[in-house]
Amino acid sequence: MLEKFIMAPPDPILGLTEAFLKDSNPNKINLGVGVYKDNLNKTPIFNTVKKVEKFLLEKEQTKSYLPISGSPEFCENVQWLVLGKNNCAISEKRVATVQTVGGTSALRIFADLIKANIGTKKIWLSDPTWENHAKIFQTAGFEMGTYPYYNPENHGLAWDKMLATLETIPEGDILLLHGCCHNPTGIDLNKEQWLTVADILKTRGILPLIDFAYQGLGDGLEEDAQGIRTIVEKVPEVFICSSFSKNFGLYNERCGALISVCADSETCQKVLSQMKVTIRTNYSNPPAHGAHIVHTILTNEDLRKEWEQEVKEMCSRIKTMRKLFVEKLKEKGVTQDFSFIEEQKGMFSFSGLTKEQVLRLREEFSIYIVNSGRINVAGITTDNIDRLVEAITQVL
């Protein structure tokens, strides 16, 4: 029967990394895959993570299964990190949180949960959005809708068009929002825009799903959570998918969470019970190591301060490379305005490069960028930036 299989196309982002690894050019640059790089072009392990791993190695007593919903301590601390420790939804026991296998798994658990219990058939995604969003929800049986987000004319937010589309979304549909550091554009909503979106969601009866993969990499841990907290304050039912790949560097530990905010505590318990059923029939229960690291850091005062400083340094480095990138382009005599790159937030930038220019960069200079022109700014270093800028100058 297996002869019926056909070859699947390569993943547009991870497949790019495979091509990069095969490239023999010693000066090659990878700005495609979404992982943080330090100025030595390494994806570092946090100092706090290494300290906790040493502690766990010495003190850990068992490798027994976690509960279906994951580590209770982890789930509690994730709620506080995302929503704020004094959030009334938490004190009123209207929040249910389960540990998931990374943020991607949280998205799929949400999809299966909603499909099985509510039967909602349509989700609305920003145009553009992370490549995997549509694939996850299509595989789960959802119909796709899109709302305008990026304005290529000014490299900014298509706010008026976005609002006009949101006002047409039927009651009961799902709207996927990026909590911060929008992937792939790097363009975020401001405080007033979050308030406006929250009012539309509440008035029209739309269920918000917020993908929150980059907390701390935009403007700071608390600042990046303000949009989510605005939605939770105004809208009675909200789902949030959180990931700790970036802000803890736990990429290969696959550590994430799915948070459900409900209108009352009774509904919350029902939703939690069904989230457990969904997990049980998917992967049974999550891995422990990453969750133990996260909740240990968040509950130890000294480790938490050190971790917050590590996240600040990541955020600062990204902002520095954005500024330097724009300055270097000007120095090379590029007349095209790239100042918008400084205003974008997080790891990614929608550079404005065309597909043809991206392909030339790949073929002529061994510089790997996603076809859409999305650049991982964290992949730029003081060692490779001159080579990068010179190549871009050649293809413009």
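Definitions and cut-offs
- Every chain is numbered independently, its residues counted from 1 as its sequence is written.
- At least 70 in pLDDT is required for a residue's local features to be given in this predicted model, at least 80 for side-chain atom pairs to be given and counted, and no such filter applies to totals for whole chains, interfaces and linings, which use all residues.
- As a rule here, side-chain values cover all heavy atoms of the structure and leave hydrogens and water aside.
- The nonpolar core is taken to be a set of buried Ala, Val, Leu, Ile, Met, Phe, Trp, Tyr and Cys residues, with the residues joined through side-chain atoms within 4.5 Å.
- Type-normalised accessible area, obtained with a 1.4 Å probe on protein chains alone, sets the label of each residue: buried when under 20%, exposed when over 50%, and partly exposed for intermediate values.
- Secondary structure counts use DSSP, requiring at least four H or I residues in a row for a helix and at least two E residues in a row for a strand, with both numbered from the N terminus.
- Residues count as neighbours in contact if any of their non-hydrogen atoms are within 4.5 Å of one another.
- Helix axes are fitted only over the stretch in contact, all axes being lines through C-alpha atoms; the angle between N-to-C directions runs from 0 to 180 degrees.
- Throughout, the term roughly parallel applies to angles under 35 degrees, roughly antiparallel to angles over 145, roughly perpendicular to angles from 65 to 115, and oblique to all others.
- By definition, any crossing whose near helix is turned counterclockwise from its far helix by less than a right angle is left-handed, and any crossing with a clockwise turn is right-handed.
- Gly falls in the polar group here, along with every residue not listed as nonpolar (Ala, Val, Leu, Ile, Met, Phe, Trp, Tyr, Cys, Pro) or charged (Asp, Glu, Lys, Arg).
- Ring geometry is summarised as follows: Phe, Tyr and Trp rings, the Trp one being its six-membered ring, pair when their centres sit within 6.5 Å, and such pairs are stacked at plane angles under 30 degrees, edge-to-face over 60 and tilted between the two.

*Asks:* Break down the nonpolar core for me, citing the residues and quoting the values.
*Replies:* Among the nonpolar cores identified, the biggest contains 102 residues, and Leu83, Met162, Ile240 and Phe325 are the most heavily contacted of them. The element best represented in this core is helix α13 (residues 301–331), accounting for nine residues. Those residues within four positions of Phe325 in sequence are excluded, and the remaining contacts are Ile341, Ile375, Ile380, Ile385, Leu388, Val389 and Ile392. In this structure, Leu107, Phe110, Leu258 and Leu272 belong to the second largest nonpolar core, which totals 29 residues.

*Asks:* How would you explain the packing of helix α5 (residues 102–117) against helix α11 (residues 265–280) if you had to name every residue and give the values?
*Replies:* It is the contact of α5 with α11, at a shortest axis distance of 9 Å, that shows an interaxial angle of 115°. Considering the angle they form, α5 stands roughly perpendicular to α11. Considering the relative orientation of α5 and α11, their crossing is right-handed. On α11, the residues touching Ile109, Asp112, Leu113 and Asn117 of α5 are Val271, Gln274, Met275, Thr278 and Ile279. In the contact of α5 with α11, the residues fall into five nonpolar, three polar and one charged.

*Asks:* Please give an account of the packing of aromatic side chains that cites residues and values.
*Replies:* Taken as a whole and assessed by the stated rule, the structure comprises 11 aromatic pairs. Summarising the aromatic geometry, the rings of Phe110 and Phe137 are spaced 6.3 Å apart at their centres and angled 75° between planes, so their arrangement reads as edge-to-face. Here Phe110, found in helix α5, pairs with Phe137, found in helix α6 (residues 131–139); they are 27 residues apart in sequence, far enough to count as distant. Comparing Phe110 with Phe137, the two get one shared label, buried. With a centroid separation of 4.7 Å and an interplanar angle of 90°, the aromatic rings of Tyr150 and Phe350 are classed as edge-to-face. Of this pair, Tyr150 sits in strand β5 (residues 150–151) while Phe350 is found in strand β11 (residues 348–350), placing the two residues 200 residues apart along the sequence.

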